[in-house]
Amino acid sequence: MHTAAVKQARRATLMVFFANGLGIGAWATAIPPLKQALALSDASLSLALLALAAGAVCCMPLSGRLVPRVGGTAAATKLAGLAFAVLLPLPLWVDSLPLLMLATLLLGGANGLLDVAMNAHASTVERRWGAAIMSSFHAAFSLGGLAGTGIGAALLYFDTPTAWLLLPTALLALALVLTAAGRLDAGADNTPPAHGASTAAAPVAAAAAEGAAARGARRAVAGLAVIALLCFLVEGAMVDWSGLYLASTGATAAAAAAGFAAFSCTMVLGRLLGDRVVRHCGSRRVIAGGAALAALGLGLAGALPATGAILAGYAMAGLGLSNVVPAIFSAAGRTGSSAAAGIAMVASIGYAGLLAGPPLIGAVAANWSLRAGVGVMAGAALCAALLTLAVRRRPADTATDTAADTAAPCAAPAAAGKSS
């Protein structure tokens with residue numbers, strides 16, 4: 001039975017995830033009118049978007065150190081959420097490319113800090129909850145993204161001036177963060193944990209054990225980061241290339257647009273059901289099985305370049321990847337020296353994959369074919385699955401297992417070999 005306080009903390013954290021998705025979805029709809037309003041070329045717009053990514057990449061590694069200095073994950077989530085909501089409309093209020101790059105750099109930095117802080121806080125709430133619930137937070141982000149896109153589309157339909165396109169969403173996100181702010185750490189025990197392992201009786205042995213544990217944790221988090229890199233690479237490439245690949249096979253414009261929609265819808269569905277799946281199967285099997293399903297779907301899309309097969313493959317990829325990142329973040333939060341430090345490392349490296357995916361697939365398409373690029377995406381997902389299985393074979397490494405994994409395993413033979 002969960003206490004009212006932890007339920008309150010969970011609801012507040014869901015609100016912050018929804019607010020972040022809301023802003024990101026609205027920003028995506030504002031990019032075309034922003035480009036037109038400032039008369040930006042494709043190259044100039046890419047510089048502004050690069051500044052957005054650079055802000056996030058620079059701030060994510062710093063967030064692991066920043067979180068404890070501002071008072072913990074709840075305080076960091078509040079501050080980063082407020083900064084994100086306040087800065088969201090700023091890029092639409094500038095009148096030159098240099099100022100736009102500065103605005104997107106600041107917005108990207110706030111988003112990077114919020115990404116790490118809210119996931120680290122979700123990890124602490126999950127620990128208090130006592131069962132896997134990380135997928136529900138990411139489902140809230142995905143639903144927020146859909147809502148933000150819908151609001152942005154409605155504002156464009158009514159010919160809202162470009163400068164005001166993001167203001168309603170920013171105000172809504174700000175209201176959500178302010179509402180959640182006082183409840184994020186409801187009932188939490190903020191007393192620092194006692195470090196009694198290094199007793200006077202055996203200081204050397206205790207220090208050696210702590211050092212070995214720290215090294216093992218760093219290796220585990222590094223493995224999670226590589227898996228995240230591969231999966232984010234696929235996600236990033238899907239955003240830019242899924243429709244283009246369909247169009248290259250002769251699909252209609254409507255069918256090409258439906259490609260990413262199929263990927264996104266099954267991802268939302270998977271995340272809505274993800275907590276139950278993780279509790280039943282265990283996070284390691286969810287990561288490995290999800291990545292394998294994505295590889296199978298993308299392999300189908302590449303092997304059978306017909307519209308129906310490609311859409312089915314995209315849907316499989318979205319379903320497969322839906323709970324991989326939540327499970328990785330949850331594991332990183334449990335495995336690192338702190339939840340913020342573990343998630344900061346995984347998010348920073350994973351985000352690099354998100355940035356590298358589109359140009360990598362573009363280079364493959366330019367030198368070979370876009371169909372070969374889809375094959376590379378399938379290969380990346382397959383590598384993620386195999387790496388997860390390879391890490392699983394190390395008996396001492398339980399980085400991606402949750403406490404609930406042993407309670408209801410997917411299959412008795414696999415559970416028999418799991419270390420507690």
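Residues numbered from 1 in each chain as written. Predicted model: local features only at pLDDT ≥ 70, side-chain atom pairs only at ≥ 80, totals over all residues. Heavy atoms only, no water.

Considering the environment of Leu355
Along the chain, the position of Leu355 falls in helix H12 (residues 339-367). Sequence-wise, Leu355 and Phe232 are 123 residues apart; in three dimensions their C-alpha atoms are separated by 8.5 Å. Setting aside residues no more than four positions away along its own chain, Leu355 makes contact with Ala53 and Val57. (Helix = DSSP H or I, 4+ residues; strand = E, 2+ residues; numbered from the N terminus. Contact = heavy atoms within 4.5 Å.)

Here's the deal with the packing of aromatic side chains
With the rule as written, the count across this model stands at four aromatic pairs. Ring plane angle 85° and centroid distance 5.2 Å describe the contact between Tyr157 and Phe158, whose orientation is recorded as edge-to-face. Since its relative accessible area comes to 64%, Phe158 is described here as exposed. (Phe/Tyr/Trp six-rings, centres within 6.5 Å; stacked < 30°, edge-to-face > 60°. Buried < 20%, exposed > 50% of the residue type's maximum accessible area, 1.4 Å probe, protein only.)

Remarks on empty space enclosed by the protein
Summed over all chains, the structure comprises four cavities of 30 Å³ or more. In this structure, the largest cavity occupies an estimated 70 Å³ of space. Contributing to the lining of the largest cavity are 13 residues, with Glu126, Ala132, Met134, Val278 and Ala327 lying nearest its centre. Taken together, the elements giving at least two residues each to the lining of the largest cavity come down to helix H5 (134-157), helix H8 (253-281) and helix H11 (324-335). (1 Å grid on protein atoms, 1.4 Å probe; cavity = no way out; pocket = protein on both sides within 12 Å on 5 of 7 lines; lining within 4 Å. Points joined across faces, edges and corners; volume = space filled by probe spheres on them.)

A closer look at a nonpolar patch on the surface
Together, Leu143, Leu146, Leu269, Leu272, Leu273 and Val277 make up an exposed nonpolar region whose accessible area comes to about 520 Å². Sorting the residues of the nonpolar patch by element identifies H5 and H8 as the ones contributing at least two each. Examining the composition of the nonpolar patch, we find that four residues originate from one element, H8, more than from any other. Here Leu273 is to be found in helix H8. Under the relative-accessibility criterion, Leu273 is labelled partly exposed at 46%. (Patch = residues over 30% accessible without salt bridge, like charges linked within 9 Å, V, L, I, M, F, W, Y side chains within 5 Å. Areas by Shrake-Rupley, 256 points an atom, 1.4 Å probe, with all protein chains shown as cover. Salt bridge = Lys/Arg side-chain N within 4 Å of Asp/Glu carboxyl O.)

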